[in-house]
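The chain contents come next:
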There are 2 protein chains.
Amino acid sequence: MRTQRLFQLLDKLRAAKYPLAANALAESLNVSERTIYRDIKSLQQMGAPIRGESGLGYQIEKGYFLPPLHFNRDELDALVLGLRMLASQADPQLADAAASVQAKVAVSLPEHSQDALARTPLLAPPSQSEKAQSNRRYMQKIRHAIADRKKLIVTYKDISQAQTKRTLHPLGLAVFSDIWVLTCYCELRNSFRNFRLDRLLTVHTTEEKFSFEPSKEFHAFLKTVPNGNEQQK
Amino acid sequence: MRTQRLFQLLDKLRAAKYPLAANALAESLNVSERTIYRDIKSLQQMGAPIRGESGLGYQIEKGYFLPPLHFNRDELDALVLGLRMLASQADPQLADAAASVQAKVAVSLPEHSQDALARTPLLAPPSQSEKAQSNRRYMQKIRHAIADRKKLIVTYKDISQAQTKRTLHPLGLAVFSDIWVLTCYCELRNSFRNFRLDRLLTVHTTEEKFSFEPSKEFHAFLKTVPNGNEQQK
DNA sequence: TTTTACCCTGACAGAAACTGTCAGTAGTGT
DNA sequence: ACACTACTGACAGTTTCTGTCAGGGTAAAA
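Right, let's walk through the structure included here.

Calculation rules
- Residues numbered from 1 in each chain as written.
- Chains lettered and ligands numbered in written order.
- Predicted model: local features only at pLDDT ≥ 70, side-chain atom pairs only at ≥ 80, totals over all residues.
- Heavy atoms only, no water.
- Axes fitted to C-alpha atoms, helices over the stretch in contact; angles between N-to-C directions.
- Helix = DSSP H or I, 4+ residues; strand = E, 2+ residues; numbered from the N terminus.
- Parallel < 35°, antiparallel > 145°, perpendicular 65-115°, else oblique.
- Left-handed = near helix turned anticlockwise from the far one by under 90°.
- Contact = heavy atoms within 4.5 Å.
- Nonpolar A, V, L, I, M, F, W, Y, C, P; charged D, E, K, R; others polar.
- 1 Å grid on protein atoms, 1.4 Å probe; cavity = no way out; pocket = protein on both sides within 12 Å on 5 of 7 lines; lining within 4 Å.
- Points joined across faces, edges and corners; volume = space filled by probe spheres on them.
- Near = heavy atom within 4 Å.
- Polar contact = N/O pair within 3.5 Å; in protein donor to acceptor, adjacent residues only side chain to side chain.
- Salt bridge = Lys/Arg side-chain N within 4 Å of Asp/Glu carboxyl O.
- Phe/Tyr/Trp six-rings, centres within 6.5 Å; stacked < 30°, edge-to-face > 60°.
- Buried area = accessible area lost by both parts, 1.4 Å probe.
- Pairing = 2+ DSSP bridges.

Notes on the packing of helix H1 (residues 2–15) of chain A against helix H2 (residues 22–29) of chain A
Residues and elements named next belong to chain A.
- At a minimum axis distance of 11 Å, the contact between H1 and H2 shows a crossing angle of 125 degrees. Compared by their axis directions, H1 and H2 come out oblique. Where H1 crosses over H2, the two elements pack in a sense that is right-handed. Of the residues in H2, those in contact with Arg-5, Gln-8, Leu-9, Lys-12 and Leu-13 of H1 are Leu-25, Ser-28 and Leu-29.
- Classifying every residue of the contact of H1 with H2 gives four nonpolar, two polar and two charged.

Some words on the layout of surface pockets
- The volume enclosed by the second largest pocket comes to roughly 820 Å³.
- Around the second largest pocket sit 29 residues that line it, and Ala-116, Arg-119, Thr-120 and Pro-121 of chain A together with Leu-171 of chain B are the ones nearest its centre.
- If you list the elements that add at least two residues to the lining of the second largest pocket, you get helix H4 (73–89), helix H6 (111–119) and strand S3 (122–123) of chain A together with helix H8 (139–148), strand S5 (163–176) and helix H9 (218–224) of chain B.
- In terms of residue count, the dominant contributor to the lining of the second largest pocket is H6 of chain A (six residues).
- When its residues are assigned to classes, the lining of the second largest pocket shows 16 nonpolar, six polar and seven charged.

Side note on the protein's contact with DNA strand C
- Contacts to DNA strand C come from 20 residues, most closely from Arg-5, Ser-32, Thr-35 and Arg-38 of chain A together with Tyr-58 of chain B.
- Backbone atoms, meaning sugar and phosphate, form 56% of the atoms of DNA strand C found within 4 Å of the protein.
- Arg-2 of chain A places a polar side-chain atom, nitrogen or oxygen, 3.3 Å from a phosphate oxygen of DNA strand C.
- Measuring from a phosphate oxygen of DNA strand C, one finds a side-chain N or O atom of Tyr-58 of chain B at 2.3 Å.
- Secondary structure elements with two or more residues in the surface near DNA strand C: H1 and helix H3 (33–45) of chain A together with helix H3 (33–45) and strand S2 (57–60) of chain B.
- Ranked by the residues each element gives to the surface near DNA strand C, the list is headed by H3 of chain A, at three residues.
- Partitioned by chemical class, the residues of the surface near DNA strand C number seven nonpolar, seven polar and six charged.

Brief notes about the protein's contact with DNA strand D
- Around DNA strand D, 22 residues are found, and the nearest of them are Tyr-58 of chain A together with Arg-5, Ser-32, Thr-35 and Arg-38 of chain B.
- Each atom of DNA strand D within 4 Å of the protein was assigned to sugar, phosphate or base; sugar and phosphate come to 59%.
- Here Ser-32 of chain B contributes a side-chain N or O atom positioned 2.5 Å from a phosphate oxygen of DNA strand D.
- For the surface near DNA strand D, the secondary structure elements donating two or more residues are H2, H3, strand S1 (50–53) and strand S2 (57–60) of chain A together with helix H1 (2–15) and H3 of chain B.

What about the environment of Ile-153 of chain B?
Residue and element names in this part refer to chain B.
- Among the secondary structure elements, Ile-153 is positioned in strand S4 (residues 150–157).
- Taking C-alpha positions, Ile-153 is 7.0 Å from Lys-165, a pair spaced twelve residues apart along the chain.
- Ignoring sequence-local partners within four residues, the contact set of Ile-153 consists of Lys-165, Arg-166, Thr-167, Thr-202, Val-203, His-204 and Thr-206.

Section: the pattern of salt bridges
- Taken as a whole, this structure holds 29 salt bridges over all chains when the rule is applied.
- Arg-143 of chain B is paired through a salt bridge with Asp-74 of chain A; the nearest N and O atoms lie 2.8 Å apart. Placement of Arg-143 of chain B in helix H8 and of Asp-74 of chain A in helix H4 is noted, with the two residues assigned to different chains.
- In this structure, Asp-11 of chain B engages Arg-14 of chain B in a salt bridge whose closest nitrogen and oxygen atoms are separated by 2.8 Å. Pair noted here: Asp-11 of chain B and Arg-14 of chain B are both in helix H1, with a separation of three residues, about one helical turn.

A look at the packing of aromatic side chains
Residues and elements named next belong to chain A.
- Evaluated as defined, the whole model comprises eleven aromatic pairs over all chains.
- When the ring of Tyr-185 is compared with that of Phe-192, the centres are 5.4 Å apart and the planes differ by 85 degrees; the resulting orientation is edge-to-face.
- Feature note: the residues Tyr-185, Phe-192, Phe-218 and Phe-221 constitute an aromatic cluster, connected by ring pairs.

Some thoughts on the interface of chain A and chain B
- Across the contact, 62 residues belong to chain A and 62 residues belong to chain B.
- Together chain A and chain B conceal approximately 5,700 Å² of surface at their shared face, both sides included; 66% is due to carbon and sulfur atoms.
- At the boundary of chain A with chain B, the tally comes to seven salt bridges.
- Arg-143 of chain A is the salt-bridge partner of Asp-77 of chain B, the closest N and O atoms lying 3.9 Å from each other.
- Where chain A packs against chain B, one counts 16 residue pairs in polar contact (both at pLDDT 80 or more).
- Put simply, the parts of the chain that give the side of chain A that touches chain B at least two residues each are H1, H4, helix H5 (92–107), S3, helix H8 (139–148), strand S5 (163–176) and helix H9 (218–224) of chain A.
- With 13 residues, H4 of chain A is the largest single contributor of residues to the side of chain A that touches chain B.
- Its residues assigned to classes, the side of chain A that touches chain B comprises 36 nonpolar, 14 polar and twelve charged.
- In this sheet, strand S3 (residues 122–123) of chain B lies alongside S5 of chain A in parallel orientation, the contact comprising two bridges. The residue bridging Ala-174 of chain A from the neighbouring strand is Leu-123 of chain B, located in S3 of chain B.

Now the structure itself:
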């Protein structure tokens, strides 16, 4: 538990460009400042080159304990543009995560590649269109419900403008350029249903978890789709 | 406390030439065997390549130094979905690169995260629409020209269906959900011009390189765009 | 086949470590 | 002087960790 957090702390420090203050770290790791101070001390005692400056925050000597990752130019392009495309459409939390991935990968790269990362001339400007906004609206809630296997109660406006309210097992999300579709198992109809995120009127996460039933899982749904949509292996 | 011991354990395994049995490790670290089993399990979950064989003991793959990257669930989601979104629209070479990034990251991840990667229930099915196809058509050529700073000669069909042929300095690409736009400096007009990839009729890469002129570079173009499109912080 | 030498797991209660809170000191830059 | 931050000690409550016990496996030697 603590060990995990120590590694997370290291990761955050490595990824950060500027000094990080204890209170910021405390918040992002969901512990008190006091604990951060204790953790930092532990890391220092274990040899990590972390220095803290009053009024500033903590910094770690760069290059400390890094895994050797080697990406060629195409791979860097793919990584950066992929993350940018995601960030341009996803909810803020996921967009932050994308930035954090890029930061973590960046520090584990040779220096000349680090510049290349940020300067990649492949952009995906954040979309502020109405559709994009409504996609984002419940995205985070839905992602979490999928991950936690919590039932959702949603009201949905279908193509004919009719509103329906259902209890669902959220299974997965699929993106078709700018249309996001939530795949669910519908309790009422006893079958798989898909919902466009921009047509969801309300989404309520229940505390009730749905249990594992092979025939009602995402992979079962995918098998019903002719064009094997499973992305690469 | 425990963290310390985990490192000691790692050290002992690395230093040992022959397999070490749990009871020997227990004695040298002054804990019970049970604790050793638990510690080993923790290390394995953190990605350490330790294998235990009945009747023998534990050995670690040599050359292993440190549990490397750590991504949380959101970060893994961002990485995977970002790469999938990219792969759904990009040219085959870039799509392959995306797969390769995922593979490289996967191997540097703790065991339990590796599964999570492939099973992420966030998809972006490859788009086979006409528009997607025409986006892909010259994408690779263009990416390389941007990277190599080689002039392009293109014929383009603009909104009014008029065809034009130009010599361009390709500077960057921008993605707006399913529309890909190539930003260029146009030699003829002496200004920046944008071209939709799906409106390009022909693209020819010349061997002539364009030289560096700050006012004709991508970052100069970006400054002319009000909505600071530079991604991430 | 039996024995030996190990790996590995679950349960549980007591021990130890960790944590938040509070209260206070000290350094650094504006 | 003020704002902001690193740091430390003490203490009680909570969580995690540990050892013990009681099994179940596997692979090779005897």
